[in-house]
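What the coordinates show
Residue-level listing of the chains:
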Amino acid sequence: MTTTPEIDILTRGGLTLDVAGPRATITLARPEVLNAQTPQTWEALRVAGASLPDDVRVVVVRGAGRAFSAGLDKSFFTATAADGTPGIASIATLPDAEADATIAAFQAGFAWLRDPARVTIAAVQGHAIGGGFQLALACDLRIVADDVKFCMAEPTLGIVPDLGGTQPLVRAVGYARAVEICLSGRRVGAEEAVATGLALRSVPLAELDAAVDALAASLLAAPPKAASETLALLAGAADLSAADARAAERAAQLRRLRSLAAGQG
């Protein structure tokens, strides 16, 4: 079925949200501009995430048409974007605290995609540039079509990636390769994306939806609470010492055992 939380916000942001049982699908639905993003897109993403029913366990993020997302809408590089939201030039004039809060609000549209309450999958075809690349990186997993082109364009435009993309990029491909990808602004294709861990797998474009459907179904095999505890352990493992990681496992296991003993699943 299709849900319509804050439907005006989703429509203005160029998104659709479909929920079918434990799976939700968020679609960037402005193919005429290659799903270019504006601040209203990021607010719509935040609202979509906040509106998900508790029983949604897998979220797929995809783009309509021939591109996942070509990145920032050109209007964002002006003082005021076409939709009336602040552009880059006007953000620069704000007091520090207000500017920081403005960018933090943009980031909120992406940050929830790493909540261990559910697994998120980016289904990526065609261009995933700048903000599009960062949106794909915000998800736990990426399945790509063989025509994919990732590019972190921000540094070559004189700005930096600021939608939460730097940390997952380094975690996926390592520091040295992340430096080269960001500062060169080059395109990363499907073969390299899979080889470096940026993508889980690559498939022909015609098979992308089926591959994502199969992955989403497979991720529902584990019981919900065990899945979310495991996802939280994996998400935080890289930032912990070995001893702290073992301690986190013990604490999670004890929560699971007590929950099971209490008949709470």
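Residues numbered from 1 in each chain as written. Predicted model: local features only at pLDDT ≥ 70, side-chain atom pairs only at ≥ 80, totals over all residues. Heavy atoms only, no water.

**Some points on the pattern of salt bridges**
- According to the stated counting rule, one finds nine salt bridges in the structure shown.
- Notably, a salt bridge pairs Arg30 with Asp73, separated by 3.1 Å at the nearest N-O pair. With Arg30 in the loop between strand S2 (23-28) and helix H2 (39-51) and Asp73 in the loop between strand S3 (58-63) and helix H3 (88-91), this pair connects stretches of sequence that are 43 residues apart.
- Since its relative accessible area comes to 21%, Arg30 is described here as partly exposed.
- We classify Asp73 as buried; its relative accessible area is 14%.
- The residue Glu229 makes a salt bridge to Arg255 at a minimum N-O spacing of 2.8 Å. With Glu229 in helix H10 (residues 224-237) and Arg255 in helix H11 (residues 242-261), the pair connects residues that are 26 residues apart, well separated along the chain.
- Classification of Glu229 as buried rests on a relative accessible area of 17%.
- On the accessibility criterion, Arg255 (44% relative accessible area) is partly exposed. (Salt bridge = Lys/Arg side-chain N within 4 Å of Asp/Glu carboxyl O. Helix = DSSP H or I, 4+ residues; strand = E, 2+ residues; numbered from the N terminus. Buried < 20%, exposed > 50% of the residue type's maximum accessible area, 1.4 Å probe, protein only.)

**As for the pairing of S2**
- Counting buried residues in S2 gives five out of six residues, a clear majority hidden from the surface.
- Alignment of strand S1 (residues 15-20) against S2, held across six bridges, turns out to be antiparallel. The residue of S2 that forms the bridge with Asp18 is Thr25.
- Between S1 and S2, which follow one another and run antiparallel, lie two residues, and Gly21 among them has a positive phi close to 60°.
- Sheet analysis places S2 next to S3, joined by six bridges and oriented parallel. Directly across from Ile26, in S3, lies its bridge partner Val61.
- What joins S2 to S3 is H2, and the crossover it makes is right-handed. (Pairing = 2+ DSSP bridges. Right-handed = clockwise from strand over helix to strand, strands pointing away.)

**Looking at helix H9 (residues 208-218)**
- Among the residues of H9, those classed as buried are Leu208, Ala211, Val212, Leu215 and Ala216. Considered in projection along H9, the buried side chains sweep an arc of 130° and stay on one side of the axis.
- Where H9 is buried, its residues touch S2, S3, strand S4 (119-124), strand S6 (141-145) and strand S8 (201-203). (Arc of directions from axis to C-beta. Contact = heavy atoms within 4.5 Å.)

In short, shape yes, function no, at least from these values alone.
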